[in-house]
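Observations on the three-dimensional arrangement
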Amino acid sequence: MRCSGLMAERKLIVPPDDVASMIDTAAGLMELQETIFPGGLVAQDQNVIEFRQVTKRFGTVAAVADNNLSVKAGEFLSILGPSGCGKTTSLRMMAGFEQPTSGEVFIRGQNVTGVPAYRRPVNMVFQHYALFPHLSVADNVSYGLRQRTPRPSASDISKAVDEALAMVRLDGYGKRRSYELSGGQLQRVALARALINRPAVLLLDEPLAALDRKLRRDMQIELQNLQRDVGITFLLVTHDQEEALSMSDRVCVMREGKIVQTGSPRELYDRPVNRYVADFVGKTNFFKGPSTDETLSVRPEMIEIAASVARLPEGLAARVPVKVLNRIFLGEHTEYRVASEALGEFMVMAPRKSEREAGVYDIGDMIAAGWRAESERILPNT
Amino acid sequence: MRIYAILIYIFLYAPIALIVGFSFNAGKYAMDWQGFSVEWYAKAFSNPLIMEALRTSVFIAFSTALLSAIIGTLTALGLERVSGWLRTAFDALIYVAIMVPGIVIGISTLIAFVSFFDLVNPWLTSAWSIKLEMGAWAVIAAHVLFNIAVVALLVRARLQGMDRSLVEASEDLYATPLGTFRQVVLPLLAPAILAGFLLAFTFSFEDFIIAYFVAGPNTTLPIYVFSSIRRGVTPEINAVGTVVLMTSFALLIVAQLILQRGQKTAR
């Protein structure tokens, strides 16, 4: 089923009469999607959002350069990169806050280039939540529904709001004002406010950056569960590689306006396309490569250590004597910083299990390190 | 240091306190205390000249406040959209409008109106046999002139403190630009607009200098007070002065409270 116009499609997202009865639980939400898109308008392999050669220039600077990003229906995709890499600009072009200098943006197969934000079937969770301070939590959450024509009835709206708040575990918070809520609660109100509209894609702009560490961890899990339950496509923009790796189905690494690599977290970690990705995704050691354009990368957890070179296991590609420079106990493993005359300084992650067998080494100890050939990655320096 | 501060405050406020005090004087002369009485308030409020002047003043102040609030808010919103030297120039002009002394506004408005009337009156008289002249509306025009700047400054300060992503959030939630303005921008600016309205009302209500130049045959309360003083200060004038003072104080305090409360909901 294809809808002829964007507006028609928007109206389909939440037929006002059905909202209350359908959004019962998270399962109800999925049922709703099934009813609205029989036969799967949002087929698993279809791109909900697609960039075709999108470029965005601010003055002479290209924030996004010839980008061909695509977001698959139902997935949790993260755009990962340092600040200024063009990830936020990409997100803003999806939301409609920015229009590309050249190229086209498609949402659910519709060309939405030039379409303003208020006519796009996507919703956003802002970095600092952007909750309306003059409205109650309930009025914030119902804001999107209240913009529809015809406007849903008051009782339908209030039911939908109650269910959206229940979904983010904020039952009974409807009457509060935003300044009465904690950071984590604000975050969940912002989520409810966006998800109640059943967007084609939920856009999340560094949503966890403003939370403290412990809360961030909880929200990561909550976001992931929420995404699975409601079955809405999530697109998260972040500079935090751990966040991107732990939550996403796919991660898209960007640098200077360009996509460097897109793949599952495991692919990015195990098979980075270049030195930049290897460095950005996870921790790694870089050694001199076979040529000046290449670098040898070995992940610290792939390096084995022993009391002496002779005690290292058989079949290692490299085995060198090293001196222990530093040791940090991290619970499940210990991080050693070691130095060898031939290779320079590098990092080793020794799992707790190996320590129980071989013991703990002290700073200043002369030990040995080595790794298997399959742990080596030769990466272009680009 | 503290004693100096107290002396300065006495110097500043003693004359005002005297006027307020002597407005409750039972005696006939302003500075000759005969006992407490509110008789002069009753006299003032039953004086048809004073009541007429009060009506004129309230009409002028209300019209000024309303027009300034609307035009000032539009000015502030418009200024958000320009940048560079144009914005700097407009900013400077807004401050100038506030700093220009009342007497300069009074004289220049008078001259402008007179030359304008000379230009259009012959034409108007021959066409519809009407004639434009000085009066309450000329005072309103002159007052609006500098009160636009007052409102614009307050609203701009509020706009600059406003989180821009609120506007984007509203658009993201399907509100049209007009819907966003009505549901988000206007409610958030409301405290500043209201405070600007009250300030404009106060400034217009208590203004003497500008009104004196362009009021024509109309008499505002400050003009009435000024002309009666020539016949000697009576407790009646003290009573009128106290009413003007208290009205201004009350409005200023309310405006300040609104602005402070608004700060809490700004983000």
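The text that follows walks through the structure, step by step, so that each part is easy to find. Quick caveat, the model's predicted, so the values are computed rather than measured. (Residues numbered from 1 in each chain as written. Chains lettered and ligands numbered in written order. Predicted model: local features only at pLDDT ≥ 70, side-chain atom pairs only at ≥ 80, totals over all residues.)

Looking at the overall build of chain A
What counts, and what does not: In DSSP terms, a helix is any run of H or I states spanning at least four residues, a strand is any run of E spanning at least two, and both are numbered starting from the N terminus. Partly exposed residues are those falling between the two cut-offs: more than 12 but fewer than 20 other C-beta atoms within 10 Å of their own, whereas 20 or more means buried and 12 or fewer means exposed, with C-beta atoms placed from the backbone. Placing C-beta atoms from the backbone, we regard two residues as in contact once those atoms come within 7 Å.
Looking only at helices and strands, chain A has 12 helices and 19 strands in total. Across the 382 residues in chain A, those meeting the buried criterion constitute 40%. Here the contacts in chain A between residues at least 6 apart in sequence split such that 64% fall between residues at least 24 apart.

A word on the overall build of chain B
The secondary structure content of chain B amounts to 11 helices and 0 strands. Moving toward the C terminus, one meets the helices and strands of chain B in the order α-α-α-α-α-α-α-α-α-α-α. The principal-axis extent of the C-alpha atoms belonging to chain B is close to 70 × 65 × 35 Å. Burial analysis of chain B (267 residues in total) assigns 34% to the buried set. Expressed as a percentage of contacts within chain B between residues at least 6 apart in sequence, the contacts between residues at least 24 apart total 77%.

Things to note about the interface of chain A and chain B
Across the contact, 15 residues belong to chain A and 18 residues belong to chain B. Listed by contribution, the elements that provide at least two residues to the side of chain A that touches chain B are strand S7 (122-125) and helix H5 (137-146) of chain A.

Here's the deal with unusual backbone geometry
Most peptide bonds adopt trans geometry, and most residues besides glycine take a negative phi value. Residue and element names in this part refer to chain A. Of the consecutive residues Thr149 and Pro150, the connecting peptide bond is found in the cis state with omega at -5°. Its location among the elements puts Pro150 in the loop between H5 and helix H6 (154-167). One non-glycine residue, Gln53, lies in the positive phi region at around 45°. Tracing the backbone through its elements, the reader meets Gln53 in strand S1 (residues 47-58). Here Tyr129, not a glycine, exhibits a phi torsion of approximately 70°, which is positive. Positionally, Tyr129 belongs in the loop between S7 and H5. On the neighbour-count criterion, Tyr129 (23 C-beta atoms within 10 Å) is buried.

Quick look at the environment of Phe22(B)
Inspection of the secondary structure puts Phe22(B) in helix H1 (residues 2-22). The buried category is assigned to Phe22(B), around which 23 C-beta atoms lie within 10 Å.

Remarks on the sheet that holds strand S11 (residues 258-263) of chain A
Hydrogen bonding along the main chain pairs the strands of a sheet, whether they run parallel or antiparallel. Residues and elements named next belong to chain A. Put simply, the test is: Following DSSP output, two strands are said to pair if at least two bridges run between them. Axis definition: a line fitted to C-alpha atoms, over the contacting stretch in the case of helices. Angles run 0 to 180 degrees between N-to-C directions.
Spatially, 6 strands are ordered S7-S8-S9-S4-S10-S11 in an open sheet, and the strand pairing comes out mixed. In the strand order of this sheet, the two ends are held by S7 and S11, each with one partner. Going across the sheet, the axis of each strand differs from the next one's by a mean of 20°, ignoring polarity. For strand S4 (residues 76-80) and strand S9 (residues 233-238), the ladder comprises 5 bridges, and the chain directions are parallel. For Ser78, the partnering residue across the bridge sits in S9 and is Leu236. Across the face of the sheet, helix H7 (residues 183-195) comes into contact with S7 and strand S8 (201-205) while running at roughly 175° to S7.

What to know about the nonpolar core
The criterion, for reference: In this description, a nonpolar core means buried residues of the types Ala, Val, Leu, Ile, Met, Phe, Trp, Tyr and Cys, linked to one another by C-beta atoms lying within 7 Å.
One finds Ala192(A), Leu195(A), Leu203(A), Val253(A) and Val139(B) to be the most contacted residues of the largest nonpolar core, which totals 126 residues. The element best represented in this core is helix H6 (residues 136-161) of chain B, accounting for 15 residues. Once residues lying within four places of it in the same chain are set aside, the contact partners of Leu195(A) are Ala164(A), Met167(A), Leu202(A), Val230(A) and Ile232(A). If you look at the next biggest cluster of nonpolar residues, it comprises 15 residues, including Ile305(A), Phe346(A), Tyr361(A) and Trp371(A).

Topic: H1(B)
Keep this limit in mind: A helix is expected to reach a length of 1.5 Å times the quantity of its residues less one.
The first and last C-alpha atoms of H1(B) sit 29 Å apart over 21 residues, in line with the 30 Å expected at 1.5 Å per residue. Summarising burial for H1(B): 1 of the 21 residues are buried, a small minority.

Brief notes about the sheet that holds strand S13 (residues 294-298) of chain A
All names here are of chain A. Strand order in the open sheet formed by 3 strands is S12-S13-S19, with antiparallel pairing between adjacent strands. With partners counted over all chains shown, the strands left at the sheet margins are strand S12 (285-288) and strand S19 (377-380), one partner each. For this sheet, the mean inter-axis angle between neighbouring strands, taken without regard to orientation, is 40°. In terms of strand pairing, S13 meets S19 through 4 bridges, oriented antiparallel. Opposite Leu296, over in S19, you have Ile378 as the bridge partner.

A word on the pairing of S7(A)
Residues in a regular strand point their side chains to alternate faces of the sheet. All names here are of chain A. Residues of S7 alternate between two faces, with Val122 and Met124 on one and Asn123 and Val125 on the opposite face, all of them buried. In this structure, S7 lies alongside S8, joined through 4 bridges in parallel fashion. If you follow Val122 over to S8, its bridge partner there is Val201.

Some words on the pairing of S1(A)
Residue and element names in this part refer to chain A. Pairing of S1 with strand S3 (residues 70-72) involves 3 bridges; the strand directions are antiparallel. Each bridged residue has a counterpart across the sheet, and for Glu50 the counterpart in S3 is Ser70. Both S1 and strand S5 (residues 102-107) contribute to a ladder of 5 bridges, which runs antiparallel. Directly across from Arg52, in S5, lies its bridge partner Glu104. Direction of pairing for S1 relative to strand S2 (residues 61-67): antiparallel, over a ladder of 4 bridges. From the neighbouring strand, Lys56 faces S2, where its bridge partner is Val64. In sequence, S1 turns back onto S2 through a hairpin of 2 residues, with Gly59 there showing a positive phi of about 65°.

A look at H7(A)
Residues and elements named next belong to chain A. Over its 13 residues, H7 runs 18 Å from end to end, which matches the ideal 18 Å to within 8%, given 1.5 Å per residue. Of all 13 residues that make up H7, 10 are buried, and the element is covered over most of its length. For H7, the complete set of buried residues consists of Leu186, Gln187, Arg188, Val189, Ala190, Leu191, Ala192, Arg193, Ala194 and Leu195.

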